[in-house]
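Given next are the chains, with one letter for each unit.
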Amino acid sequence: MTLFGTTLAAEQVASLVSLLALLLLWLVVLRRERDYARWFKQWEADRKARREAEQARARNEAAPKDRKGPWG
């Protein structure tokens, strides 16, 4: 096989193929890692929102029901 005017032996072709396969593998790993990080950030935000809603509900339930003002 000739690449850029240089004749490549079978070992060199196999090396090129393996390097390209390794590059493809790392690109897939990088994409999955980024997707996981994005999912984890969303999960953390949802968990924080649920926790804050529960705390707000608990504060409202703990508030006194017999208010002494003119509106309540």
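See above for the structure.
The rules behind the values
- Residues numbered from 1 in each chain as written.
- Predicted model: local features only at pLDDT ≥ 70, side-chain atom pairs only at ≥ 80, totals over all residues.
- Heavy atoms only, no water.
- Phe/Tyr/Trp six-rings, centres within 6.5 Å; stacked < 30°, edge-to-face > 60°.
- Patch = residues over 30% accessible without salt bridge, like charges linked within 9 Å, V, L, I, M, F, W, Y side chains within 5 Å.
- Areas by Shrake-Rupley, 256 points an atom, 1.4 Å probe, with all protein chains shown as cover.
- Salt bridge = Lys/Arg side-chain N within 4 Å of Asp/Glu carboxyl O.
- Buried < 20%, exposed > 50% of the residue type's maximum accessible area, 1.4 Å probe, protein only.
- Helix = DSSP H or I, 4+ residues; strand = E, 2+ residues; numbered from the N terminus.

Q: Tell me about the packing of aromatic side chains, and name the residues and values.
A: All told, the structure shown has 5 aromatic pairs when counted by the stated rule. Ring pairing ties together the aromatic residues Tyr-36, Trp-39, Phe-40 and Trp-43, which thus form one cluster.

Q: I'd like a description of a nonpolar patch on the surface, backed by residues and values.
A: Where nonpolar side chains cluster on the molecular surface, the patch consists of Leu-19, Leu-22, Leu-25, Trp-26 and Val-29 and spans about 510 Å² of accessible area. For Leu-25, a relative accessible area of 48% corresponds to the partly exposed category.

Q: Could you give an account of the pattern of salt bridges, with specific residues and numbers?
A: All told, the structure shown has 2 salt bridges when counted by the stated rule. We note a salt bridge from Asp-35 to Arg-38, for which the minimum N-O separation is 3.1 Å. Placement of the pair is Asp-35 and Arg-38 together in helix α1 (residues 10-62), with a separation of 3 residues, close to one helical turn. Among the residues examined, Arg-38 registers a relative accessible area of 51% and is labelled exposed.

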